[in-house]
Every structure is written in structure tokens, then in C-alpha cells.
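Notes for the structure review
Here is what each chain is made of, one letter per residue.
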Amino acid sequence: MERMTHLEPGMPAPDFTLPDQDGRPVTLSDLRGRKVVVYFYPQALTSACQQQACDFRDRLPDLAEHGYAVLGVSRDPVERLARAHEEDDLTFPLLSDEDLLVHRAWDTFGEKNSYGRVVEGVRRSTFVIDEDGVVTHAFYNTKAKGHLEMLQKRLGFGA
């Protein structure tokens, strides 16, 4: 399958419609007029992914105050996302991309280095989209720990 090039600032964010943790469709372009943080993570209910989700949850009021909505995307089935959403008391949607079409369109699935081995999998990545649907920031191969501090600093507010 053909790989998309990395998304970069100034590029339009590929639109998508994915089911959330309750099975309701969420379409990125429906959020036009708002800034959106879209983050891709490997697997719900794992320690690093839970830490990242809880960091987003804890900082959501500050992000919202600056006009940002948050969407988390993984290849987990809706049922697993529902468990994660409830267990971690999340306040933003988790979206299911089981067929990896959105991951591939955003170039967040493919070869990556995992503990010294090259494997195929989800590359933890975060994108900031402006009110017009254009990428303003693209962070590939991020770490879960400390990510929100870096993101808020790059966005010009927070820690």
C-alpha cells in the first residue's frame, strides 16, 4: 500500500469520519471553525497510552480555554475504547480506526523502531489543525510522557 508523505504545517488535514467510543460517527470537517488536536496512539488501556489520555483529560480545560478540541485515534475496536473512556474518566472522544485507513492517510502507521527492532505499527503522533482544517503543527514519533507540556509550550501557553 502506498504511504503518504508526512503531514506538514500548511497542508490540509485529511478529512475522516470514525466511530467514537459509543459508536457515534465523528467527522473532522464538522469541527471547522474550531482548532483541533488529533493524536494517534498505539493501544488503549496500556500504561503509556493511558498516561497520555489522562494528560489530555487533565489539560483539556486549558486547551478548551484556548479554543482547542481533542480527538484521540487508535486502531482499537469501539468496545475497547468504551472501556478506556470509562476507566480513565475521559472527557473527549476516542475514535476507532480498525481498518487503518485514517492512520495511513495521516502517515501514522508503518515501520517504526521499537526497542531496537524495526516493526510495523502505530507511530504515536499529534497534529494541531486550525479553524480552516489546515495543519499548523505535526509531531511524529512522540513520547507519551511530557508530551502535553511540549505541546502547550509550542502552542504558546501552559507549562
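Residues numbered from 1 in each chain as written. Predicted model: local features only at pLDDT ≥ 70, side-chain atom pairs only at ≥ 80, totals over all residues. Heavy atoms only, no water.

1. What about the nonpolar core?
Counting residues in each nonpolar core, the largest one holds 23 residues, and the members touching the most others are Tyr39, Phe56, Leu63, Val70, Phe92, Leu94 and Leu151. Secondary structure elements with two or more residues in this core: β3 (35-40), α1 (47-65), β4 (68-74), α2 (78-87) and α4 (147-155). The greatest single-element share of this core, amounting to five residues, is contributed by α1. Setting aside anything within four residues of it in sequence, one finds Val70 in contact with Val37, Tyr39, Phe56, Leu60, Leu63, Phe92 and Pro93. Among the nonpolar cores identified, the runner-up in size contains 18 residues, and Leu95, Trp106, Phe127 and Ile129 belong to it. (Core = buried A, V, L, I, M, F, W, Y, C linked by side-chain atoms within 4.5 Å. Buried < 20%, exposed > 50% of the residue type's maximum accessible area, 1.4 Å probe, protein only. Helix = DSSP H or I, 4+ residues; strand = E, 2+ residues; numbered from the N terminus. Contact = heavy atoms within 4.5 Å.)

2. Describing the pattern of salt bridges
Applying the stated criterion across every chain, the model contains seven salt bridges. Between Asp76 and Arg80 there is a salt bridge, with its nearest N and O atoms 3.5 Å apart. Shared partners join several salt bridges into a network, and the residues in it are Asp20, Asp22 and Arg24. (Salt bridge = Lys/Arg side-chain N within 4 Å of Asp/Glu carboxyl O.)

3. Re the sheet that holds β3
Taken in spatial order, the five strands of this open sheet run β5-β4-β3-β8-β9, and their pairing is mixed. Each having just a single partner strand, β5 (94-96) and β9 (135-139) make up the two edges of the open sheet. For this sheet, the mean angle separating the axes of adjacent strands, direction not counted, is 20 degrees. Across five bridges, β3 lies against strand β8 (residues 125-129) in antiparallel orientation. Bridge pairing in β8 links Val36 to Ile129. Sheet contacts for α2: β4 and β5; angle to β5, the most-contacted strand, approximately 170 degrees. (Pairing = 2+ DSSP bridges. Axes fitted to C-alpha atoms, helices over the stretch in contact; angles between N-to-C directions.)

4. Comments concerning α2
Within the sequence span of α2, burial applies to Val78, Leu81, Ala84 and His85. The buried residues of α2 occupy one face: seen down the axis, they fall within an arc of 120 degrees. Exposed side of α2, more than 90 degrees from the buried face: Glu79, Glu86 and Glu87 are the residues found there. Positive phi appears at Asp89, one or two residues downstream of α2, with a value of about 50 degrees. (Arc of directions from axis to C-beta.)

5. Notes on α1
The first and last C-alpha atoms of α1 sit 28 Å apart over 19 residues, in line with the 27 Å expected at 1.5 Å per residue. The sharpest bend along α1 measures roughly 55 degrees and falls at Arg59, with the proline Pro61 sitting one to four residues further on. Residues of α1 that are buried: Cys49, Gln52, Ala53, Cys54, Asp55, Phe56, Leu60 and Leu63. Among the structural elements, β3, β4, β8 and α4 are those in contact with the buried residues of α1. Remark: Gly67 follows α1 within two positions and exhibits a positive phi of approximately 90 degrees. (Expected span 1.5 Å × (residues − 1). Bend = angle between axes of the 7 residues up to and from the residue.)

Worth remembering: the numbers are spatial, not functional.
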